[in-house]
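Fold and contact review
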Amino acid sequence: MKIGIIGAGRMGRALGRRWARAGHEVTISFTRDLRKLESIAREMGHGARSASPADAAKGADAVLFAVQWSTIDEALEQARSLAGRTMLTCTLPMTADDSELAIGHASSGAEELARRTGASVVAIFNTVTSELLSDDAEVARMRPDVVYCGDAAEAKLTAVHLARDAGFNPIDAGALRIARYLEPFGLLIAQLAYERNLGETLGYRIVLPRES
Ligand SMILES: NC(=O)c1ccc[n+]([C@@H]2O[C@H](COP(=O)([O-])OP(=O)(O)OC[C@H]3O[C@@H](n4cnc5c(N)ncnc54)[C@H](OP(=O)(O)O)[C@@H]3O)[C@@H](O)[C@H]2O)c1
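Notes on the structure in this doc start here. (Residues numbered from 1 in each chain as written. Predicted model: local features only at pLDDT ≥ 70, side-chain atom pairs only at ≥ 80, totals over all residues. Heavy atoms only, no water.)

1. Considering the site of the ligand
- The local shell around the ligand holds 23 residues, among which Ala8, Met11, Arg32, Lys36 and Val67 are the closest.
- Within the side chain of lysine 36, an N or O atom sits 2.7 Å from an oxygen atom of the ligand.
- Protein contacts shield 86% of the accessible area of the ligand, which totals 890 Å² for the unbound molecule.
- With respect to the pocket detection grid, the ligand is positioned in the largest pocket. (Near = heavy atom within 4 Å. Polar contact = N/O pair within 3.5 Å; in protein donor to acceptor, adjacent residues only side chain to side chain. Areas by Shrake-Rupley, 256 points an atom, 1.4 Å probe, with all protein chains shown as cover. 1 Å grid on protein atoms, 1.4 Å probe; cavity = no way out; pocket = protein on both sides within 12 Å on 5 of 7 lines; lining within 4 Å. Sits in = over half its atoms within 2 Å of the grid points.)

2. Some thoughts on helix 1 (residues 10-21)
- Counted at 1.5 Å a residue, the expected span for helix 1 with its 12 residues is 16 Å, and the 17 Å between its end C-alpha atoms agrees.
- Within the sequence span of helix 1, burial applies to Met11, Gly12, Ala14, Leu15, Gly16, Arg18, Trp19 and Ala20.
- At the C-terminal side of helix 1, glycine 23 shows a positive phi close to 100 degrees. (Helix = DSSP H or I, 4+ residues; strand = E, 2+ residues; numbered from the N terminus. Expected span 1.5 Å × (residues − 1). Buried < 20%, exposed > 50% of the residue type's maximum accessible area, 1.4 Å probe, protein only.)

3. Quick word on the nonpolar core
- Ranked by size, the top nonpolar core spans 66 residues in total, and within it Trp19, Phe65, Ile124, Phe125, Val128 and Phe168 carry the most contacts.
- Beyond its immediate stretch of four places on either side in the chain, tryptophan 19 contacts Ile3, Ile5, His24, Val26, Leu64, Leu88, Phe125, Leu162, Asp165 and Ala166. (Core = buried A, V, L, I, M, F, W, Y, C linked by side-chain atoms within 4.5 Å. Contact = heavy atoms within 4.5 Å.)

4. Here we look at the packing of helix 4 (residues 72-79) against helix 5 (residues 109-117)
- Contact geometry for helix 4 and helix 5: axes closest at 12 Å, N-to-C directions at 35 degrees. Classified by chirality, the crossing of helix 5 by helix 4 is right-handed. Listed contacts from helix 5 to Ile72, Asp73 and Leu76 of helix 4 are Leu113, Arg116 and Thr117.
- Considered class by class, the residues forming the contact of helix 4 with helix 5 number 3 nonpolar, 1 polar and 2 charged. (Axes fitted to C-alpha atoms, helices over the stretch in contact; angles between N-to-C directions. Left-handed = near helix turned anticlockwise from the far one by under 90°. Nonpolar A, V, L, I, M, F, W, Y, C, P; charged D, E, K, R; others polar.)

Laid out in structure tokens, this is it:
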């Protein structure tokens, strides 16, 4: 699959590395320091490339949107048209000081991105830490769950495929509006990982009732 990543930070790099290793054609983009982008792609290995957000998105089967909420205007402008694209977003709609959600209850960051871009948006990976995506062998062995939601069936199938290739067991939470619950859950995970010191590489599993 051709994957364009917008956001060359912790999440974009870590997911890109996993997907490149799984055999996908990954292109990473969006940084203030263009000189380092090429070395980020090189470090990701497995033929990963660097490009502008517009070039990364062009022709991609999936676009991962992984930027700070305060930079979405710039990121969307540089991506140009994302209409009709499959867009996976882990972006949390945080205030500029990263202390709380700027949108919630009546909407979500994912719905706002869908409205602004016309892309088929799937909210996913916003409930996992970047550390969980590290190369730690123990973490890879855990195969944690990841909840996701979206309105477009085909985009959700792509998300399932890419979640599995990133080492997760994907769990469908429903329509895109459910991102209103997923995004605060992402903050709960961050609270447990970073503030309650349960471990930055913590993951979660939904325990299902036993089949009789
Ligand atoms: N980190 C996590 O554990 C985690 C977990 C769940 C969800 N999330 C969410 O996922 C999203 C990405 O998080 P992250 O931790 O990967 O963020 P990050 O490490 O801060 O990366 C953000 C990326 O955006 C780029 N950027 C920032 N401002 C820019 C600008 N003005 N122009 C061009 N590029 C710019 C950064 O480039 P440079 O800094 O190199 O310029 C970097 O590539 C956020 O919305 C976050 O809330 C993060």
